[in-house]
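Read off the chains here:
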Amino acid sequence: MIEKTTAPAPAVSPDQAAIEQALTDQVVASFANTPDPRLRQLMQALTRHLHAFVREVRLSEDEWNKVIEFLTAAGHITDDRRQEFVLLSDVLGASMQTIAVNNAAYKDATEATVFGPFFVQDAPEIPIGGDIAGNAHGQPCWVEGTVTDTDGNTVPGARIEVWEADDEGFYDVQYTDGRVAGRAHLFADDQGKYAFWALTPTPYPIPHDGPVGKLLAATGRSPMRASHLHFVVTAPGLRTLVTHIFVYGDPQIEIGDSVFGVKDSLIKDFHIQKAGIPTPDGRLIEGDWAHTRFDIVLAPAKV
Ligand code: BEZ
Ligand code: FE
């Protein structure tokens, strides 16, 4: 059972509370002349919530210095291959909350989930039935489905970006040899159908050798993600869908996903086939392989 959370009132004298409140009001007022009304709203709300946090927990000066040190360390480890602030947003559930706010449920549109830090622009194009694996290791997995809108119309030519970790738990960009593997894009055919070979997803930890990993360790949390395959699906006039599919039966789903990305509707059966069973496209595979189906429903861009 997950408990509902409410903020207790700070246990301070009325005089002290008035001093603290006056400071909050003063800072909120300092943003009153922000010309951009949205920036004004954001900064004033941020001030109110940040001050409420400091007051609620009676934050010590040592603790605030630790916060600054933590953010400084996150900045130092961040570069164009490593994005510690995305990890922080993800493990705090801020990424998923932003996704919830911006992707309101609409009819039977496929649910969105966390983007993560490992998407790469301009991944290679593959034809329908092509293979995203490159040289990435793992069990071959045939993925197929259709792309439709919420009125059931097919979406010919929808652009589908897919990416995933290898069976060691690493994305290509986490290796230093410049390889491109486990990622590609393709286009749905004129009936909105698509299919490709990928790897059966396996669980892996988010990068946890930096400050966010230390935070997880200090709070008794695991860095593991449930096994998944990433998708971004785009088509004119329809809401861009950033999502994953997860593997039914993966124990990590029950244990918990470190970035809160799992949604029941995104858990799919991955059927394991014995070596020698013919594949849908007549490919010769030495070992076992898997197949799954993911029918994608895109909401209108404006709902
Ligand atoms: C990922 O699924 O690739 C991912 C998501 C959040 C943090 C780290 C990795
Ligand atoms: Fe991932």
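Thresholds, definitions, all that
Residues numbered from 1 in each chain as written. Chains lettered and ligands numbered in written order. Predicted model: local features only at pLDDT ≥ 70, side-chain atom pairs only at ≥ 80, totals over all residues. Heavy atoms only, no water. Core = buried A, V, L, I, M, F, W, Y, C linked by side-chain atoms within 4.5 Å. Buried < 20%, exposed > 50% of the residue type's maximum accessible area, 1.4 Å probe, protein only. Contact = heavy atoms within 4.5 Å. Salt bridge = Lys/Arg side-chain N within 4 Å of Asp/Glu carboxyl O. Helix = DSSP H or I, 4+ residues; strand = E, 2+ residues; numbered from the N terminus. Pairing = 2+ DSSP bridges. Donors = N, O, S within 2.8 Å, 3.2 Å for Na, K, Ca; no water. Tetrahedral: all angles 85-135°; square planar, octahedral: opposite > 155°, others 65-115°. Axes fitted to C-alpha atoms, helices over the stretch in contact; angles between N-to-C directions. Parallel < 35°, antiparallel > 145°, perpendicular 65-115°, else oblique. Left-handed = near helix turned anticlockwise from the far one by under 90°. Nonpolar A, V, L, I, M, F, W, Y, C, P; charged D, E, K, R; others polar. Near = heavy atom within 4 Å. Polar contact = N/O pair within 3.5 Å; in protein donor to acceptor, adjacent residues only side chain to side chain. Areas by Shrake-Rupley, 256 points an atom, 1.4 Å probe, with all protein chains shown as cover.

## A closer look at the nonpolar core
Now for step 1: By size, the foremost hydrophobic cluster in this structure holds 39 residues, and its most contacted members are Val 147, Tyr 194, Phe 196, Phe 231, Val 233 and Ile 296.
Now for step 2: Ignoring sequence-local partners within four residues, the contact set of Phe 196 consists of Ile 126, Gly 129, Gly 130, Ile 132, Cys 141, Trp 142, Val 143, Val 162, Leu 186, Leu 229 and Phe 231.
Now for step 3: Grouped together as the second largest cluster of nonpolar side chains are six residues, Phe 118, Tyr 171, Tyr 204 and Val 232 included.

## What about the pattern of salt bridges?
Now for step 1: Summed over the entire model, instances satisfying the criterion amount to 14 salt bridges.
Now for step 2: Asp 172 is paired through a salt bridge with Arg 183; the nearest N and O atoms lie 2.6 Å apart. Within this pair, whereas Asp 172 is found in the loop between strand E2 (159–163) and strand E3 (183–187), its partner Arg 183 is found in strand E3, the two being separated by eleven residues in sequence. Of the two residues examined, Asp 172 and Arg 183, each falls in the buried class.
Now for step 3: A salt bridge links Arg 225 to Asp 257, with the nearest nitrogen and oxygen atoms 2.8 Å apart. In this pair, Arg 225 is assigned in strand E6 (residues 224–225) and Asp 257 in the loop between helix H7 (251–255) and strand E9 (267–268), connecting sequence segments 32 residues apart. There is no split in this pair, since Arg 225 and Asp 257 are both buried.
Now for step 4: Through salt bridges that share partners, Glu 20, Arg 55 and Arg 58 make up one connected network.

## Notes on the pairing of strand E7 (residues 228–234)
Now for step 1: Within E7, six of the seven residues are buried, which leaves the element mostly enclosed by the surrounding structure.
Now for step 2: Judged from the five bridges that link them, E2 and E7 form a sheet pairing that is antiparallel. What sits directly across from Arg 159, in E7, is Thr 234.
Now for step 3: Across six bridges, E7 lies against strand E8 (residues 241–247) in antiparallel orientation. The residue of E8 that forms the bridge with His 228 is Phe 246.
Now for step 4: Here E7 folds back onto E8, and the loop between the two strands holds six residues, one of which, Gly 237, carries a positive phi near 80 degrees.

## Here we look at the coordination of the iron ion (ligand 2)
Now for step 1: Coordination sphere of the iron ion (ligand 2), protein contribution only: Tyr 171 (OH), Tyr 204 (OH), His 228 (NE2) and His 230 (NE2), at 1.9 to 2.1 Å.
Now for step 2: Around the iron ion (ligand 2), the six donor atoms sit at angles spanning 56 to 171 degrees, and that spread fits a shape best called irregular.
Now for step 3: Mapped onto the sequence, the donors of the iron ion (ligand 2) take the spacing Y-x32-Y-x23-H-x1-H. Here the residue Tyr 204 occupies a position in strand E5 (residues 204–205), and His 228 occupies one in strand E7, the gap between them amounting to 24 residues. Accessibility classification places Tyr 204 together with His 228 in one group, the buried group.

## Focus on the packing of helix H1 (residues 14–30) against helix H2 (residues 37–57)
Now for step 1: At a minimum axis distance of 9 Å, the contact between H1 and H2 shows a crossing angle of 155 degrees. Comparing their axes, H2 and H1 come out roughly antiparallel. H2 is crossed by H1, and the crossing has right-handed handedness. Across the interface between the two elements, Ala 17, Glu 20, Gln 21, Leu 23, Thr 24, Val 27 and Val 28 of H1 pack against Gln 44, Thr 47, Arg 48, His 51 and Arg 55 of H2.
Now for step 2: Taken together, the residues of the contact of H1 with H2 break down into four nonpolar, five polar and three charged.

## Some details on the site of ligand 1
Now for step 1: Close contacts around ligand 1 come from Leu 87, Asp 90, Gly 116, Pro 117, Phe 118, Tyr 171, Tyr 204, Ile 206, Arg 225, His 228, His 230 and Val 259, and that covers them all.
Now for step 2: The side chain of Tyr 171 places a nitrogen or oxygen atom 3.2 Å from an oxygen atom of ligand 1.
Now for step 3: With respect to ligand 1, the side chain of Arg 225 contributes an N or O atom lying 2.7 Å from an oxygen atom.
Now for step 4: Coverage of ligand 1 by the protein amounts to 100% of the 260 Å² it exposes when considered alone.
Now for step 5: Contributing elements (two or more residues each) for the shell around ligand 1: helix H4 (84–91) and E7.
Now for step 6: Here the shell around ligand 1 is built from residues that sort into seven nonpolar, three polar and two charged.

## What to know about the pairing of E8
Now for step 1: E8 sits mainly inside the fold: six of its seven residues count as buried.
Now for step 2: Strand direction decides the pairing type here: E8 and E9, joined by two bridges, are parallel. Each residue of the ladder has a partner; that of Val 247, found in E9, is Lys 268.

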